[in-house]
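# Analysis of the macromolecular model
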Amino acid sequence: MVNIGFIGCHKISQVCLEKICELALEYDDHIKTVFNLTPNEGSKHSYYDDFNSLQKKYDFPLNFVIDVSDKENIQKMLDSKLDVLFIIGWHRIVPQSVLDVAKIKLGIHSSLLPKERGSSPINWQIIRGDTIGGVTLFHLTTGVDSGPIVDQEQYSIDENDDVKTVYSKAIDSSINLLEKNWHDIHNLNPICIPQNESN
């Protein structure tokens, strides 16, 4: 049994959280706490999703916050005794105090890291006319998308693609990565490959 926490606020967060809930049921793991932005704060961000429909379906504790690193939110995570914390589709980098609440901290970034660290990678792929995109499941650090890689999946970007269609491809690939790597995550032993800083 693995205790899981989740932080996110976007559409990709919602889809990944649903997959994590499904996998947790299959492996007898437990979603102990979930954090999202308050609806008022979330309305300032694109593709915001409040997770309410998922909460009704899977009955996990759902917390709406402005700053996940507030002392009371840190305490909620510590009280949950988290083995794994996912941060997927959050609007800012979290401090070490948040990362310290779990043994393993994982995120998903919509690029083939170390390429395109930072914000809006899909937008930049389209602006540059890239023909290959992808997503990376990786270990979180306080750096900008700089932690060791667990796994990656690439996809083609076609001439007729736009941000919406590439975002949809990124979501599908993210689900694939979670499913493919859940056995290792469940055993608290996900792959850990340092990023090549020269790239």
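To start, this report covers the structure provided alongside it.

Cut-off values and rules
- Residues numbered from 1 in each chain as written.
- Predicted model: local features only at pLDDT ≥ 70, side-chain atom pairs only at ≥ 80, totals over all residues.
- Heavy atoms only, no water.
- Phe/Tyr/Trp six-rings, centres within 6.5 Å; stacked < 30°, edge-to-face > 60°.
- Helix = DSSP H or I, 4+ residues; strand = E, 2+ residues; numbered from the N terminus.
- Buried < 20%, exposed > 50% of the residue type's maximum accessible area, 1.4 Å probe, protein only.
- Salt bridge = Lys/Arg side-chain N within 4 Å of Asp/Glu carboxyl O.

## Section: the packing of aromatic side chains
Going through the model one piece at a time under the given rule, you end up with three aromatic pairs. With 6.1 Å between their ring centres and 65 degrees between their planes, phenylalanine 6 and phenylalanine 51 make a pair best called edge-to-face. In this pair, phenylalanine 6 is assigned in strand β1 (residues 3-7) and phenylalanine 51 in the loop between α2 (39-42) and α3 (52-58), connecting sequence segments 45 residues apart. Residue classification places phenylalanine 51 among the buried residues on the basis of a relative accessible area of 0%. Considering the side-chain rings of tyrosine 47 and tyrosine 167, the 4.5 Å spacing of their centres and the 20 degrees angle between planes classify their relative orientation as stacked. Of the two residues, tyrosine 47 sits in the loop between α2 and α3 while tyrosine 167 sits in helix α7 (residues 163-186), which places them 120 residues apart along the sequence. Using a relative accessible area of 38% as the deciding quantity, one classes tyrosine 47 as partly exposed. Tyrosine 167 gets classed as buried once you look at its relative accessible area, which sits at 13%.

## Focus on the pattern of salt bridges
Tallied over the full model, the rule gives twelve salt bridges. A salt bridge links lysine 115 to aspartate 130; the nearest nitrogen and oxygen atoms lie 3.8 Å apart. One end of the pair, lysine 115, is in the loop between β5 (102-109) and α6 (121-128); the other, aspartate 130, is in the loop between α6 and β6 (132-139), and 15 residues separate them in sequence. Given a relative accessible area of 40%, lysine 115 falls into the partly exposed group. The exposure class assigned to aspartate 130 is buried, which follows from its relative accessible area of 16%. Members of the salt-bridge network, linked through shared partners, are Lys115, Glu116, Arg128 and Asp130.

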